Amino acid sequence: MPRTDKRKHARKVVSWPVHATGSGIYLIGAEVRDVSDTGVFLRPNATDKLPEIGTHLSLMFFPQGRWQGTGLSTNATVSWTGDSRTHHCAGVGLTLDDTQVGQELVSQAQVL
């Protein structure tokens, strides 16, 4: 049976570096694979342990795809973890605390 997409907001595909930190969590050099106004899909490095659902993270995005320059920061909560059929990798779905940051990220992305 086909799986329906439950998303309320359109996603845009990206490949941006991000730092994500939380209680005992340090995902430095992880990658954001898609963004929407309210959330992101984050692919940690292969050696990183996936944070648990409900974990609160502080994020620093580098939407120009490079580490130099000013990043965008916000907090987020892990909504789900597992394999992404879209991106063919393990990662986490995050709900952003600040939708204005989400809107800024979307404005800098290409349509998925």
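Reference entry: report on the structure contained in this document. Note that the structure is predicted; figures quoted are calculated from it, not measured.

**Focus on the nonpolar core**
Here is step 1 of the chain: With 23 residues, the main nonpolar core has Val-32, Val-35, Val-40, Leu-42, Leu-59, Phe-61 and Leu-94 as its most contacted residues.
Here is step 2 of the chain: The set of elements that each furnish at least two residues to this core consists of strand E1 (12-22), strand E2 (25-35), strand E3 (39-43), strand E4 (56-61), strand E5 (72-84), strand E6 (89-96) and helix H1 (99-107).
Here is step 3 of the chain: Tallying contributions element by element places E2 first for this core, with five residues.
Here is step 4 of the chain: Beyond its immediate sequence surroundings of up to four residues, Leu-59 is in contact with Val-18, His-19, Ala-20, Leu-42, Leu-72, Ser-73, Thr-74, Ala-76, Leu-94 and Leu-96.

**Looking at the pairing of E6**
Here is step 1 of the chain: Burial analysis of E6 places six of its eight residues in the buried class, the great majority of the element.
Here is step 2 of the chain: Pairing analysis gives four bridges linking E3 to E6, with the strands arranged antiparallel. Pairing of Leu-42 across the sheet is with Val-92, part of E6.
Here is step 3 of the chain: Across eight bridges, E5 lies against E6 in antiparallel orientation. By the bridge assignment, Gly-82 is partnered in E6 with Gly-91.
Here is step 4 of the chain: Adjacent in sequence and paired antiparallel, E5 and E6 are bridged by four residues, among which His-88 carries a positive phi angle near 55°.

**A short note on the environment of Leu-59**
Here is step 1 of the chain: As for its position among the elements, Leu-59 is in strand E4.
Here is step 2 of the chain: Taking the relative accessible area as the measure of exposure, Leu-59 reaches 4% and is therefore buried.
Here is step 3 of the chain: Put simply, Leu-59 and Val-18 are 41 residues apart on the chain and 6.8 Å apart in space, counted from C-alpha to C-alpha.

**Topic: the pattern of salt bridges**
Here is step 1 of the chain: Tallied over the full model, the rule gives three salt bridges.
Here is step 2 of the chain: Salt-bridge contacts for Arg-33 lead to Glu-31; the nearest nitrogen and oxygen are separated by 3.9 Å.
Here is step 3 of the chain: The residue Arg-43 makes a salt bridge to Glu-31 at a minimum N-O spacing of 2.7 Å. Residue Arg-43 is located in strand E3, and its partner Glu-31 is located in strand E2; the two are separated by 12 residues in the primary sequence.
Here is step 4 of the chain: Because the salt bridges share partners, they merge into one network encompassing Glu-31, Arg-33 and Arg-43.

**Remarks on unusual backbone geometry**
Here is step 1 of the chain: Unlike most non-glycine residues, His-88 shows phi in positive territory, near 55°.
Here is step 2 of the chain: Here His-88 lies in the loop between E5 and E6.
Here is step 3 of the chain: According to the relative accessible area criterion, His-88 is exposed, its value standing at 69%.

What counts as what
- Residues numbered from 1 in each chain as written.
- Predicted model: local features only at pLDDT ≥ 70, side-chain atom pairs only at ≥ 80, totals over all residues.
- Heavy atoms only, no water.
- Core = buried A, V, L, I, M, F, W, Y, C linked by side-chain atoms within 4.5 Å.
- Buried < 20%, exposed > 50% of the residue type's maximum accessible area, 1.4 Å probe, protein only.
- Helix = DSSP H or I, 4+ residues; strand = E, 2+ residues; numbered from the N terminus.
- Contact = heavy atoms within 4.5 Å.
- Pairing = 2+ DSSP bridges.
- Salt bridge = Lys/Arg side-chain N within 4 Å of Asp/Glu carboxyl O.

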